[in-house]
Amino acid sequence: MNQNLSIPRFFCVAGVLSLGVLKGATFRMWEPTPYRSELDSPFYQGIQGGIIFLEDFEDGVLNTPFVKDGAAPNMGINFRTFFPDRDRSPIASVDGDDGVLDFEGSRGDSWVTVGIGTGRLEYFEFEFDPNEEGQYPLFVGIVVTEVSDTSQDVEFGVYGESGSNLAGSAEFDPGPWFDPGELLRGDVETHRFIGFYAEEGIRRIWANNTLQVDHLQYGYGIPEPGVGIFSVLSALLLLVRRR
Ligand SMILES: [Ca+2]
Ligand SMILES: [Ca+2]
Ligand SMILES: [Ca+2]
């Protein structure tokens, strides 16, 4: 082992390992999976490592770095800000956001899009800014917590740095999310994570047929489980000590 390997190089090694699973892929999609807290996210290791930002909307604003609402001339907004009557708002937040996995999500907050004088609209859109290094997020995930029409597909658009839609066939039938058929729109058991990776970076994402979303998550890498930066560091330090 090269003893000149500096601490920054250690982090580079960890970074390369983190993307090993995506080697050669220019675009990847995570199809809908049940989601009740960030523990259910395929990006969880990245959230833990601080290289994936997680916006859970519980502080009432979209304020994680390098992202803004892209719904203009309409407006994306926290549901509770749009409809503050706590008892009457049919809020569909991720279950765990109220601190308890109890199949109850209405005590949390979510994200909706509203039109001037028209109420809630059936889509959302987010735009990303490059970070200090000029890098757009490579990974973007979102949790759909309420669909508008259960008999229609939920369709996503994912735009890379080049401006083209990378997700040409990202259409998902929400029907199976309601199995065995007795769940209502917004029920926490119907919540689904959907995610994307684009080697060129992601500038913009939208979906239609959605009435509420939650847990927007995006960033630059996902360490493989068990290959956190600290485990890589300890392995390398052990090697140094053995020399
Ligand atoms: Ca926030
Ligand atoms: Ca809950
Ligand atoms: Ca939430």
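Residues numbered from 1 in each chain as written. Chains lettered and ligands numbered in written order. Predicted model: local features only at pLDDT ≥ 70, side-chain atom pairs only at ≥ 80, totals over all residues.

## Concerning the nonpolar core
- One finds Phe139, Val158 and Ile202 to be the most contacted residues of the largest nonpolar core, which totals 45 residues.
- Where this core is concerned, the elements lending two or more residues are β5 (111-115), β7 (123-128), β8 (139-147), β9 (154-160), β11 (192-198), β12 (202-208) and β13 (210-219).
- Sorting elements by how many residues they give to this core places β8 first, with 6 residues.
- Apart from residues no more than four positions distant in its own chain, Phe139 is found in contact with Phe43, Gly46, Ile52, Gly195, Tyr197, Tyr218, Gly219 and Ile222. (Core = buried A, V, L, I, M, F, W, Y, C linked by C-beta atoms within 7 Å. Buried ≥ 20, exposed ≤ 12 C-beta atoms within 10 Å, placed from the backbone. Helix = DSSP H or I, 4+ residues; strand = E, 2+ residues; numbered from the N terminus. Contact = placed C-beta atoms within 7 Å.)

## A closer look at unusual backbone geometry
- The omega torsion across Ala72 and Pro73 is 15°, close enough to zero to call that bond cis.
- Summarising the element assignment, Pro73 is placed in the loop between β3 (67-69) and β4 (75-78).
- Even without being a glycine, Phe103 presents a positive backbone phi close to 65°.
- Tracing the backbone through its elements, the reader meets Phe103 in the loop between α3 (79-82) and β5.

## Section: the sheet that holds β7
- Pairing in this open sheet of 5 strands is antiparallel, and the strands run β3-β7-β12-β9-β10 from one edge to the other. A single partner strand is all that each edge strand has here, and the edge strands are β3 and β10 (171-172).
- Relative to β7, β3 runs antiparallel, the two being bridged by 3 bridges. Of the residues in β7, the one forming a bridge with Val67 is Phe128. (Pairing = 2+ DSSP bridges.)

## Examining the pairing of β13
- The element β13 is extensively covered by neighbouring structure, given that 10 of its 10 residues are classed as buried.
- Summarising the sheet, strand β2 (residues 52-55) and β13 pair through 4 bridges and their orientation is antiparallel. Note that in β13 the partner of Glu55 across the bridge is Leu216.
- Relative to β13, β8 runs antiparallel, the two being bridged by 7 bridges. The residue bridging Phe139 from the neighbouring strand is Gly219, located in β13.

## With respect to the pairing of β11
- Within β11, 7 of the 7 residues are buried, leaving the element largely enclosed by the surrounding structure.
- Of the two faces of β11, the one holding Arg192, Ile194, Phe196 and Ala198 and the one holding Phe193, Gly195 and Tyr197 are both buried throughout.

## Some remarks on the confidence of the model for the protein chain
- Put simply, the protein chain has an average pLDDT of 86, and 82% of its residues get 70 or more.
- Note that pLDDT drops below 50 for residues 1-18; the model gives that stretch 21 contacts with residues more than four away or on any other chain. (pLDDT = per-residue confidence, 0-100.)

## A word on the environment of Leu166
- Checked against the element boundaries, Leu166 lands in the loop between β9 and β10.
- For Leu166, a count of 22 C-beta atoms within 10 Å translates into the label buried.
- On a C-alpha basis, the gap between Leu166 and Ile202 in space is 9.1 Å, while along the polypeptide they are 36 residues apart.
- Dropping the residues within four chain positions of it, Leu166 is found in contact with Phe27, Val158, Tyr159, Gly160 and Ala198.

## Overview of the environment of Gly115
- Within the secondary structure layout, Gly115 lies in strand β5.
- What makes Gly115 exposed here is the crowd of 12 C-beta atoms within 10 Å.
- Each C-alpha atom of the pair Gly115 and Ala71 lies 9.3 Å from the other, and the pair is 44 residues apart in sequence.
- With residues up to four places along the chain from it excluded, the contact list for Gly115 reads Asn74 and Leu121.

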